[in-house]
Amino acid sequence: MQYQKSTAGNSFAFSCHPNKLIQSIPLGELLRAKRNCSTNESYNDEKDVMITRFKSRGYNQECITTACKKAENNHSSDLNFSLYPNRGFVMFQLGTFLFSTGTFMVYVHLVSHGKDLGLSSYEAAFLMSVTSLADMCSRPLSGWFADLKLLSSLQLSALWASITGLSMLLLPLDSTFQGIMALGLFYGLNTGAFAPMFYTTLPDLVTTERTTSAVELSLMVTGFAALLGPPFSGFLRDLTGGFMVSFIVFAAFTLAGSGIMMCSPSFFTGTPLPCQMKKNSELPHTEEEPPAPSTMMRLSSMDESLDSSKNNGLYTVSS
């Protein structure tokens, strides 16, 4: 039995998350339970507890039943490397690797950068707090915007990654407290908006059944990126005496990641825009028009002549 705190609120996701993400939560939770349970009996007990929790959160029976069937039929290992022939998945993973390499260094070295600019310890810490708060608030807003279906999830991922890279280029351009505070706020809003798109793009690339393996592989890769970025940024700071070069180099990493996402095969063939779908739905349904009266008269006269020829024995078949 999986441990649950007595204070747990049984909250799996906020309502402002994309619907596809919310509907995939039961399957992910059941697969996690299946891996953690050593016997089928313990898994069935845990599954019954989870079903009760899902129902209390408003999940309908059809969604829960589908998730249970998929979890029972899932026999894949934790790391499914068969995903790598998928070109779209590989390019998105490479793009997120470069994106993570660039963005994590900001949260590690933003306070030190503020102190280098002459900010006090309190002001530098407040700068980090504002940036992190903007990151947190932009995530549900990004999910709400994705539900509008104006762009596909892959297109939104590339968009937020591109704006994040541009905001990193702007960070070292202002040395005043108000200026860097505004730039930190802008950076936090954009990098936070990318996070929900990371989890909604993967099902579009690899299908829902293989999403769990795709998330595991992608998180492993982004974890390596998070470990590589900050030390390299510190090395550049020691060489140059400031974070100007670090911001430029890692902004280039982030922009390169967004560029690779744009090269994905499904980037320009994603979900149609609502305006296009509306235009297609408004097109009149063309039905096959009946023949004109004159044409029907000619056809009937031809049929009569053929019948008379058959009766008179004059009907022949030409090869």
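The residue numbering used here restarts from 1 in each chain and proceeds along that chain's sequence as written. Note on the predicted model: pLDDT of at least 70 is required for a residue's local features to be given, and 80 or more for side-chain atom pairs to be given and counted; whole-chain, interface and lining totals, by contrast, use all residues. Based on all heavy atoms of the structure, the side-chain values leave hydrogens and waters out of the count.

**Q** Help me understand the overall build of the chain, please; the structure alone is not making it clear to me.
**A** Only DSSP runs of H or I with at least four residues qualify as helices, and only runs of E with at least two residues qualify as strands; both kinds are numbered from the N terminus onward. Along its length, the chain carries eleven helices and zero strands. Its helices and strands taken in sequence order, the chain reads α-α-α-α-α-α-α-α-α-α-α from the N to the C terminus. Burial status follows relative accessibility: with a 1.4 Å probe on protein chains alone, a residue under 20% of its type maximum counts as buried, one over 50% as exposed, and anything between as partly exposed. Sorting the 319 residues of the chain into buried and exposed places 39% on the buried side. For the chain, restricting intrachain contacts to residue pairs at least 6 apart in sequence, the fraction spanning at least 24 positions comes to 78%. Areas reported here follow the Shrake-Rupley algorithm with a probe of radius 1.4 Å; residue values treat only the protein chains shown as occluding. When the accessible surface of the chain is split by element, carbon and sulfur atoms take 62% of a total near 18100 Å². The contact criterion used throughout is that any non-hydrogen atoms of two residues lie within 4.5 Å.

**Q** Which parts of the structure should I look at to understand the packing of helix α4 (residues 87-116) against helix α7 (residues 177-206)?
**A** Helix-helix packing is described using two parameters, namely the angle between the two axes and the distance between the axes. Orientation is described by axes fitted as lines to C-alpha atoms, over the contacting stretch for helices, and by angles from 0 to 180 degrees between their N-to-C directions. Remark: α4 packs on α7, axes separated minimally by 11 Å, with the N-to-C direction vectors making an angle of 155°. When the axes of α4 and α7 are compared, the pair comes out roughly antiparallel. Where α4 crosses over α7, the two elements pack in a sense that is left-handed. Side by side, α4 and α7 meet where G88, F89, F92, T96, F99, T103, V106, Y107 and H113 of the first sit next to I180, Y187, G188, T191, F194, F198, T201, L202, L205 and V206 of the second. Asp, Glu, Lys and Arg are counted as charged, while Ala, Val, Leu, Ile, Met, Phe, Trp, Tyr, Cys and Pro are counted as nonpolar; the rest, among them Gly, fall into the polar class. Residues that form the contact of α4 with α7 fall into these classes: twelve nonpolar, seven polar and no charged. When an angle is under 35 degrees it counts as roughly parallel; over 145 it counts as roughly antiparallel; between 65 and 115 it counts as roughly perpendicular; any other value is oblique. Rotating anticlockwise by less than a right angle from the far helix to the near helix defines a left-handed crossing, while the corresponding clockwise rotation defines a right-handed one.

**Q** In this structure, what is going on with the pattern of salt bridges? I would like to understand it.
**A** As a working rule, side chains carrying opposite charge can pair if their charged atoms are close by. Any Lys or Arg side-chain nitrogen found within 4 Å of a carboxyl oxygen on Asp or Glu counts as a salt bridge. Scanning the model with the defined rule gives three salt bridges in all. Linking R32 and E29 is a salt bridge whose minimum nitrogen-to-oxygen distance equals 2.7 Å. In this pair, R32 and E29 both sit in helix α1 (residues 19-36), three residues apart, roughly one turn of the helix. In this structure R32 comes out as partly exposed when scored by relative accessible area, which is 37%. For the salt bridge of D135 with R139, the shortest nitrogen-to-oxygen distance reads 2.8 Å. Residue D135 and its partner R139 are located together in helix α5 (residues 121-146), separated by four residues, close to a single helical turn. Judged by relative accessible area, which is 8%, D135 ranks as buried.

**Q** What's the story with a nonpolar patch on the surface in this structure? I'm lost.
**A** Patch building starts from residues that exceed 30% relative accessible area and form no salt bridge, then joins like charges within 9 Å and nonpolar side chains (Val, Leu, Ile, Met, Phe, Trp, Tyr) within 5 Å. A cluster of nonpolar residues, W144, L148, L150, L151 and L159, forms a patch on the protein surface that exposes about 430 Å² of accessible area. Here L151 shows up in the loop between α5 and α6 (153-170). Residue classification places L151 among the partly exposed positions, given a relative accessible area of 33%.

**Q** I'm lost on the nonpolar core in this one. Help?
**A** For soluble globular proteins, the rule of thumb is that nonpolar side chains tend to be buried together. Residues F89, F92, F194 and L202 are the most contacted members of the largest nonpolar core, which totals 22 residues. Those elements giving two or more residues to this core turn out to be α4, α6, α7 and α8 (211-240). Of all the elements, α7 adds the most residues to this core, at seven residues. If we ignore the near neighbours within four places in the chain, the residues touching F194 are T96, F99, S157, W160, A161 and M261. Residues L127, Y187, F247 and F250 belong to the second largest nonpolar core, which totals 18 residues. For this analysis, a nonpolar core means a set of buried residues of the types Ala, Val, Leu, Ile, Met, Phe, Trp, Tyr and Cys, connected via side-chain atoms within 4.5 Å.

**Q** Just to check I follow, could you spell out the confidence of the model for the chain for this structure?
**A** When the pLDDT values of the chain are averaged, the result is 78; 77% of them are 70 or greater. Within the chain, helix α10 (residues 274-282) has the poorest average pLDDT of any element, 38, and α6 the best, 92. pLDDT expresses how confident the predictor is about each individual residue, on a scale running from 0 to 100. Confidence over residues 308-319 falls short of pLDDT 50; this stretch has four contacts with residues more than four positions distant or in other chains.

**Q** Can you help me understand helix α3 (residues 61-73) in this one?
**A** Working note: α-helix, 3.6 residues per turn, so residues spaced by three or four point in the same direction. Taking 1.5 Å as the rise per residue, α3 with 13 residues should run 18 Å; its terminal C-alpha atoms sit 18 Å apart, in good agreement. Three or more residues of α3 are buried, namely C63, I64, A67, C68 and A71. Buried residues in α3, looked at end-on, bunch into an arc of 135°, giving them a common side. Exposed side chains of α3 directed beyond 90 degrees from the buried face belong to E62, K69 and N73. Tucked inside the fold, the buried residues of α3 contact α1 and α2 (40-56). In a helix, the anticipated span is given by 1.5 Å times the number of residues less one. What the arc covers is the set of directions going from the helix axis to the C-beta atoms.

**Q** Sorry if this is basic, but what is going on with the packing of aromatic side chains here?
**A** The description of an aromatic ring pair rests on the distance of the ring centres and on the angle between the ring planes. The rule is short: rings of Phe, Tyr and Trp, with Trp giving its six-membered ring, pair when the centres are within 6.5 Å, and they are stacked under 30 degrees, edge-to-face over 60, tilted in between. As enumerated under the stated definition, the model contains eleven aromatic pairs in all. Geometrically, the ring pair formed by Y107 and Y187 is tilted, given 5.8 Å between the ring centres and 55° between the ring planes. Here the residue Y107 occupies a position in helix α4, and Y187 occupies one in helix α7, the gap between them amounting to 80 residues. By relative accessible area, which is 24% here, Y107 ends up partly exposed. Ring geometry for F145 against W160: centres 6.4 Å apart, planes inclined by 65°, an arrangement best described as edge-to-face. With F145 in helix α5 and W160 in helix α6, this pair connects stretches of sequence that are 15 residues apart. An aromatic cluster of three or more residues is present, and its members are F232, F235, F250 and F253.

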